[in-house]
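Observations on the model geometry
What follows is the residue order along each chain.
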Amino acid sequence: MKAALLALAALTGFVSSPLDAVAAAGKTVYDSACAACHAGGIAGAPRFGNADDWAPRIKQGIDTLYQSALKGKPPAMPPRGGMAGASDSDIKAAVDYMVAAANSPGAAPAPAATEAPAPAQAAAEATPPPAPPPAVAEVNAFNRLLKPAGKRNLPPAEDGIHDPANDGTLALQPPRDAFAPLPKSNSGNRINWVQALGKGHIAPRWDRLDGQAAPVVMDLNIVREVKGSMPDVVYPHKQHTEWLDCSNCHPQIFVPQKGANQISMAAILLGQKCGVCHGKVAFPVSECRNCHSKKKAPMPTASAAKP
């Protein structure tokens, strides 16, 4: 396999020099950007030094590999391996370095195929799993601010926010990877951000220029009585001011004066008042108990009212 790969490399224009001949030019770039995926074959990347992984790529020719590295190869390969500032020659040197490693006498072959399963086992594996139960429609499906479950935490190139044609977009970490170690929630993007902040998993930057600036946290709860049997609404300033400055909400969204704000669920669903954030960048209004959290005082009974 190694001899055939070396011959193929010579025919397709690859440098067939030993690994150390291109190491100085490409190793630094490889270590900085390429190793993150190519060292372990992440997301299907051809593994460094694995001849069988690289053989079909080498068949395409050196220019094709250069272009894949320079322009990226969706969905996993970002342009320039995520090093937007690297020159064309740097990226090409990294490609040469990886190809030389695959061409080297010590390159590892791919693992041998496992033995085929017995006919009975194969038949059992071929049996399709039972159909899942029908999905239950969400109670709050009318809320236009809620995204369908399958469209949450999309990769940057698919989220409708970032420019998919921008090279930097593919270099961003997908949200599902970034959110994996964070505490979970049953709503929104499925992350409990208050717990993540309280446990020190995240540390929001308070000042854009001063990384040492500390937030001005106000530990004050505002209770808003509501009609009917629903618990009253508690607005905790602490959890909000750990993220936001007072001017983010006052006075444009909320007038800081008792009785000056007309708040309704209809307004919130239309993206006003609390709906400026909730249902967009904060948990959606489907999580009623997150806000309606203060139980009402029990109504006095007729017997208790008598002297």
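Residues numbered from 1 in each chain as written. Predicted model: local features only at pLDDT ≥ 70, side-chain atom pairs only at ≥ 80, totals over all residues. Heavy atoms only, no water.

Side note on the environment of Arg80
On the secondary structure map, Arg80 appears in the loop between α4 (62-71) and α5 (88-103). On a C-alpha basis, the gap between Arg80 and Tyr66 in space is 9.6 Å, while along the polypeptide they are 14 residues apart. Residues in contact with Arg80, not counting those within four places in the same chain, are Ala69, Leu70, Ala86, Ser87, Asp88 and Ile91. A polar contact is formed between the side chain of Arg80 and the backbone oxygen of Ala86, at a distance of 3.0 Å. (Helix = DSSP H or I, 4+ residues; strand = E, 2+ residues; numbered from the N terminus. Contact = heavy atoms within 4.5 Å. Polar contact = N/O pair within 3.5 Å; in protein donor to acceptor, adjacent residues only side chain to side chain.)

Concerning the nonpolar core
Of all hydrophobic cores here, the largest spans 19 residues; its most connected members are Tyr30, Trp54, Ile91, Val95 and Val99. For this core, the secondary-structure elements that each account for two or more residues are α2 (19-38), α3 (51-59), α4 and α5. The leading source of residues in this core is α5, at seven residues. With residues near it in sequence (within four places) discarded, Trp54 still touches His38, Pro46, Arg47, Phe48, Gly49, Leu65, Met98, Val99 and Ala102. (Core = buried A, V, L, I, M, F, W, Y, C linked by side-chain atoms within 4.5 Å. Buried < 20%, exposed > 50% of the residue type's maximum accessible area, 1.4 Å probe, protein only.)

Notes on the side chain of His278
Its place among the elements puts His278 in the loop between α11 (265-269) and α12 (288-291). Residue classification places His278 among the buried positions, given a relative accessible area of 14%. In terms of polar contacts, His278 uses its side chain to reach the backbone carbonyl oxygen of Phe283, at 2.9 Å.

Some thoughts on the sheet that holds strand β1 (residues 221-224)
If you walk across this open sheet you meet the three strands as β1-β2-β3, and the pairing is antiparallel. Each edge of the open sheet is held by one strand with a lone partner, namely β1 and β3 (292-294). Ignoring strand direction, the axes of neighbouring strands in this sheet form an average angle of 55 degrees. Pairing geometry for β1 and strand β2 (residues 232-236), over four bridges, is antiparallel. Bridged to Ile222 within β2 is Tyr235. (Pairing = 2+ DSSP bridges. Axes fitted to C-alpha atoms, helices over the stretch in contact; angles between N-to-C directions.)

Structural notes on the packing of aromatic side chains
What the rule picks out here adds up to four aromatic pairs. Taking 4.6 Å as the distance between ring centres and 35 degrees as the angle between the ring planes, the aromatic pair formed by Tyr30 and Phe48 counts as tilted. Note that Tyr30 is positioned in helix α2 and Phe48 in the loop between α2 and α3, a separation of 18 residues in sequence. Centroid distance Phe179 to Trp193: 5.2 Å. Interplanar angle 85 degrees. Geometry classified as edge-to-face. Residue Phe179 is found in helix α8 (residues 175-179), and its partner Trp193 is found in helix α9 (residues 193-198); the two are separated by 14 residues along the sequence. Residue Trp193 is classed as partly exposed on the basis of its relative accessible area, which comes to 25%. In textbook terms, an aromatic cluster arises when at least three aromatic residues are bridged by ring pairs, as seen for Tyr30, Phe48 and Tyr97. (Phe/Tyr/Trp six-rings, centres within 6.5 Å; stacked < 30°, edge-to-face > 60°.)

Comments concerning empty space enclosed by the protein
Taking a probe equal in size to a water molecule and rolling it over the atoms shows the remaining empty space. For the structure on display, the rule yields one cavity of 30 Å³ or more. Its volume calculated, the largest cavity comes out at about 80 Å³. Ranked by the residues each element gives to the lining of the largest cavity, the list is headed by helix α10 (residues 237-241), at three residues. When its residues are assigned to classes, the lining of the largest cavity shows four nonpolar, four polar and one charged. (1 Å grid on protein atoms, 1.4 Å probe; cavity = no way out; pocket = protein on both sides within 12 Å on 5 of 7 lines; lining within 4 Å. Points joined across faces, edges and corners; volume = space filled by probe spheres on them. Nonpolar A, V, L, I, M, F, W, Y, C, P; charged D, E, K, R; others polar.)

Section: a nonpolar patch on the surface
A contiguous nonpolar surface patch, about 240 Å² in accessible area, is contributed by Met218, Leu220 and Ile222. Positionally, Leu220 belongs in the loop between α9 and β1. (Patch = residues over 30% accessible without salt bridge, like charges linked within 9 Å, V, L, I, M, F, W, Y side chains within 5 Å. Areas by Shrake-Rupley, 256 points an atom, 1.4 Å probe, with all protein chains shown as cover. Salt bridge = Lys/Arg side-chain N within 4 Å of Asp/Glu carboxyl O.)

Some details on the confidence of the model for the chain
Do not read the predicted coordinates in detail wherever pLDDT is low. Scored by pLDDT, the chain has a mean of 79; 74% of the residues are at 70 or more. Within the chain, no element has a lower average pLDDT than helix α1 (residues 2-11), which sits at 43, and none a higher one than β2, at 95. Ignoring residues within four places in sequence, the model shows residues 1-19, a span with pLDDT below 50, making 36 contacts including any to other chains. Confidence over residues 136-145 falls short of pLDDT 50; this stretch has 17 contacts with residues more than four positions distant or in other chains. (pLDDT = per-residue confidence, 0-100.)

Here we look at α4
Listing the buried residues of α4 in full gives Ile62, Leu65, Tyr66, Ser68, Ala69 and Leu70. On its buried face, α4 sits against α3 and α5. Note on α4: the residue one or two positions beyond its end, Gly72, has a positive phi of about 90 degrees.

What about α3?
Along α3, the residues that are buried comprise Ala51, Asp53, Trp54, Ala55 and Ile58. Its side-chain oxygen 3.2 Å from the backbone nitrogen of Asp52, Asn50 forms the N-cap of α3. One or two steps after α3, the chain reaches Gly61, where phi turns positive at roughly 100 degrees.

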